[in-house]
Amino acid sequence: MNKPSIYGLTLDQLSAWLGERGHKKFRASQVWDYLYRQRVTEFNKMTEVNPACIALLTEHFAIQTLTEHVKQESADGTVKFLFRLEDGNLIETVLMRQKYGQSVCVTTQVGCNIGCSFCASGLIKKSRDLTAGEIVEQIMKVQFHLDAAAQDQLVTHIVVMGIGEPFDNFENMVDFLNIVKDRKGLVIAPKRITVSTSGLPDKIREFADSDLQVNLALSLHAPNNELRTRIMKINRAYPLEQLMSAVEYYLTKTNRRIMLEYILLRDVNDHQEHAQQLADLIAHMNKSASVNLIPYNPVDEHSQYQRSSQESIITFYDTLKKNGVNCTVRLEHGTDIDAACGQLRSKQIKKAAQAEKEENPVVVGS
């Protein structure tokens, strides 16, 4: 049986776990310093920790549970990692080099059940949630990559926007956030962390109540129910009326802004009338909402969707601005590698399936 990742425990959880087994709780702080400040990858390298404590940790936990399967590096410095989990599943993690620091996009599930019709992440259905440890370890693997470059660079920002729906793995996602924010660990400021959801109203409210102080982004992608239901099946269960009500609760409860993500699909949701509908939909939010317009990265399996023309993007942007909407067009990263989320994983799985088919051909007849 595989051991769980030590990265999955918050500092309080580790303190309690060690205390229940007769060890001083300060040992947890020692272990955390070795994990997140000194970044050791073996328990026996925690030389200042009591040997009995080291033996106990070694018996019950693992430090490394992810292995690097593929790594793609873009000319712009973006690095896309495909990690293999201990059960053989593959997940994606992306390092994006920004002017303001090193940002990492993490995955929260193996596959995705949300079913957005334009998205590569949903090509393979969800098989399980990631543990908090598996999510944290993605950050650590990227940090090890930066350490190996010997440039004294640290992960400074996190976006929870990889494969899966974070709010469908809520408890593990919250533990992950508490771990990476901790002042005795990675010390990543809450204002530098953004969680993206496709829109689960109850979880948006729970997220607001949790007082995590991190940023929230909503994958909206359409300004009306008919269109959103057509491209995002989640809208059948949670139409815009329910979703906007939850957003209002979040804005009131937290007094924080929300980012609305809008992928522009040619001749689907990118007309000027759509921009006007979007402006009308969020007009009551005043300056509490901003829109991030995202040029679409085409996916082979979703050939019905294409990237909007530059003219359409500009017209959409100008229409929002004229209506007083704060909006930006997302700066693209890694366009010379498998840029779309889930694309690299999907290609590798198909490649493995094809190789197995060629190795073990089906023989018909005799």
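Residues numbered from 1 in each chain as written. Predicted model: local features only at pLDDT ≥ 70, side-chain atom pairs only at ≥ 80, totals over all residues. Heavy atoms only, no water.

1. Here we look at the overall build of the protein
Moving on, step 1. Counting its regular elements, the protein contains twelve helices and twelve strands.
Moving on, step 2. Principal axes of the C-alpha set define a box for the protein whose edges measure 70 × 65 × 40 Å.
Moving on, step 3. In the protein, 66% of the contacts between residues at least 6 apart in sequence involve partners at least 24 apart.
Moving on, step 4. Of the accessible surface of the protein, which amounts to about 17100 Å², a share of 48% is contributed by carbon and sulfur atoms. (Helix = DSSP H or I, 4+ residues; strand = E, 2+ residues; numbered from the N terminus. Contact = heavy atoms within 4.5 Å. Areas by Shrake-Rupley, 256 points an atom, 1.4 Å probe, with all protein chains shown as cover.)

2. Quick notes on helix H2 (residues 26-37)
Moving on, step 1. Along its twelve residues, H2 runs 16 Å from first to last C-alpha, staying within 8% of the 16 Å computed at 1.5 Å per residue.
Moving on, step 2. Residues Arg27, Ala28, Gln30, Val31, Trp32, Tyr34, Leu35 and Tyr36 constitute the buried set of H2.
Moving on, step 3. Buried residues along H2 sit in contact with helix H1 (11-19), helix H3 (51-60), helix H4 (132-148) and helix H5 (170-181).
Moving on, step 4. Just downstream of H2, Arg39 is the residue with a positive phi angle, here 55 degrees. (Expected span 1.5 Å × (residues − 1). Buried < 20%, exposed > 50% of the residue type's maximum accessible area, 1.4 Å probe, protein only.)

3. Regarding the pairing of strand E7 (residues 155-160)
Moving on, step 1. Burial within E7 is extensive, with five of its six residues counted as buried.
Moving on, step 2. Sheet topology places E7 next to strand E8 (residues 193-197); three bridges connect them, and they run parallel. Bridge pairing in E8 places Ile158 opposite Ile193.
Moving on, step 3. Considered for its hand, the β-α-β crossover made up of E7, H5 and E8 is right-handed. (Pairing = 2+ DSSP bridges. Right-handed = clockwise from strand over helix to strand, strands pointing away.)

4. So, the packing of H5 against helix H6 (residues 201-209)
When two helices pack together, their arrangement is given by the angle between their axes and by how far apart the axes lie.
Moving on, step 1. At a closest axis distance of 12 Å, the pairing of H5 and H6 adopts a crossing angle of 30 degrees. Put simply, H5 runs roughly parallel to H6. In the crossing of H5 with H6, the sense of the turn from one axis to the other is right-handed. Across the interface between the two elements, Phe170, Met173 and Leu177 from H5 touch Lys203, Glu206 and Phe207 from H6.
Moving on, step 2. Residue classes in the contact of H5 with H6 are distributed as four nonpolar, no polar and two charged. (Axes fitted to C-alpha atoms, helices over the stretch in contact; angles between N-to-C directions. Parallel < 35°, antiparallel > 145°, perpendicular 65-115°, else oblique. Left-handed = near helix turned anticlockwise from the far one by under 90°. Nonpolar A, V, L, I, M, F, W, Y, C, P; charged D, E, K, R; others polar.)

5. Looking at the nonpolar core
Moving on, step 1. Residues Met46, Leu57, Ile158, Phe176, Phe207, Val291 and Leu320 are the most contacted members of the largest nonpolar core, which totals 107 residues.
Moving on, step 2. If we skip the residues at most four places from it in the chain, Val291 touches Met259, Leu260, Tyr262, Leu278, Ile282, Leu320, Val325, Asn326, Cys327 and Thr328. (Core = buried A, V, L, I, M, F, W, Y, C linked by side-chain atoms within 4.5 Å.)

6. Quick notes on the sheet that holds strand E11 (residues 289-295)
Moving on, step 1. Here we have ten strands laid out as an open sheet, ordered E1-E2-E3-E4-E7-E8-E9-E10-E11-E12, and mixed in their pairing. Either end of the sheet is taken by a strand with one partner, and the two such strands are strand E1 (67-73) and strand E12 (326-329). Taken pair by pair, the neighbouring strands of this sheet meet at an average axis angle of 25 degrees, ignoring direction.
Moving on, step 2. Two elements, E8 and strand E9 (residues 215-219), share four bridges in a ladder whose sense is parallel. Counted as the bridge partner of Val195 is Leu216 from E9.
Moving on, step 3. Contacting E1, strand E2 (79-84), strand E3 (90-98), strand E4 (101-105) and E7, H4 crosses the sheet at an angle of about 50 degrees to E3.

7. Quick notes on the environment of Thr93
Moving on, step 1. Note on placement: Thr93 falls in strand E3.
Moving on, step 2. For Thr93, a relative accessible area of 0% puts it in the buried group.
Moving on, step 3. Spatially, the C-alpha atom of Thr93 lies 8.4 Å from that of Ile139, the residues being 46 residues apart in sequence.
Moving on, step 4. The residues touching Thr93, leaving out its near neighbours within four places in the chain, are Val79, Lys80, Phe81, Phe83, Val104, Cys105, Gln138 and Val142.

8. Considering the packing of H6 against helix H9 (residues 240-254)
Moving on, step 1. Relative orientation of the contacting elements H6 and H9 amounts to 0 degrees, with a least axis distance of 9 Å. Accordingly, the angle class assigned to the pair H6 and H9 is roughly parallel. The segment H6 lies against H9, with Pro201, Ile204, Arg205, Phe207, Ala208 and Asp209 engaging Gln242, Leu243, Ser245, Ala246, Val247, Tyr249, Tyr250, Lys253 and Thr254.
Moving on, step 2. For the contact of H6 with H9, the residue count by class is nine nonpolar, three polar and three charged.

9. A few points about the packing of aromatic side chains
Moving on, step 1. Enumeration over the complete set of coordinates arrives at ten aromatic pairs.
Moving on, step 2. Look at Tyr7 and Tyr36: their rings are 5.7 Å apart centre to centre, the planes differ by 50 degrees, and that puts the pair in the tilted class. Here the residue Tyr7 occupies a position in the segment before H1, and Tyr36 occupies one in helix H2, the gap between them amounting to 29 residues.
Moving on, step 3. The class for Tyr36 is buried, based on a relative accessible area of 1%.
Moving on, step 4. Seen in terms of ring centroids, Phe118 and Tyr305 are 6.4 Å apart; in terms of plane orientation they differ by 80 degrees. Their pairing is edge-to-face. Pair noted here: Phe118 is in the loop between strand E5 (109-110) and strand E6 (128-129) and Tyr305 is in the loop between E11 and helix H11 (310-322), with a separation of 187 residues, a long-range link.
Moving on, step 5. Residue class for Phe118 comes out buried when judged on its relative accessible area of 5%. (Phe/Tyr/Trp six-rings, centres within 6.5 Å; stacked < 30°, edge-to-face > 60°.)

10. Digging into the pairing of strand E10 (residues 258-264)
Moving on, step 1. Most of E10 is tucked away: six of the seven residues are buried.
Moving on, step 2. You can see the chain leave E10, run along helix H10 (residues 272-281) and come back into E11, and the turn it takes is right-handed.

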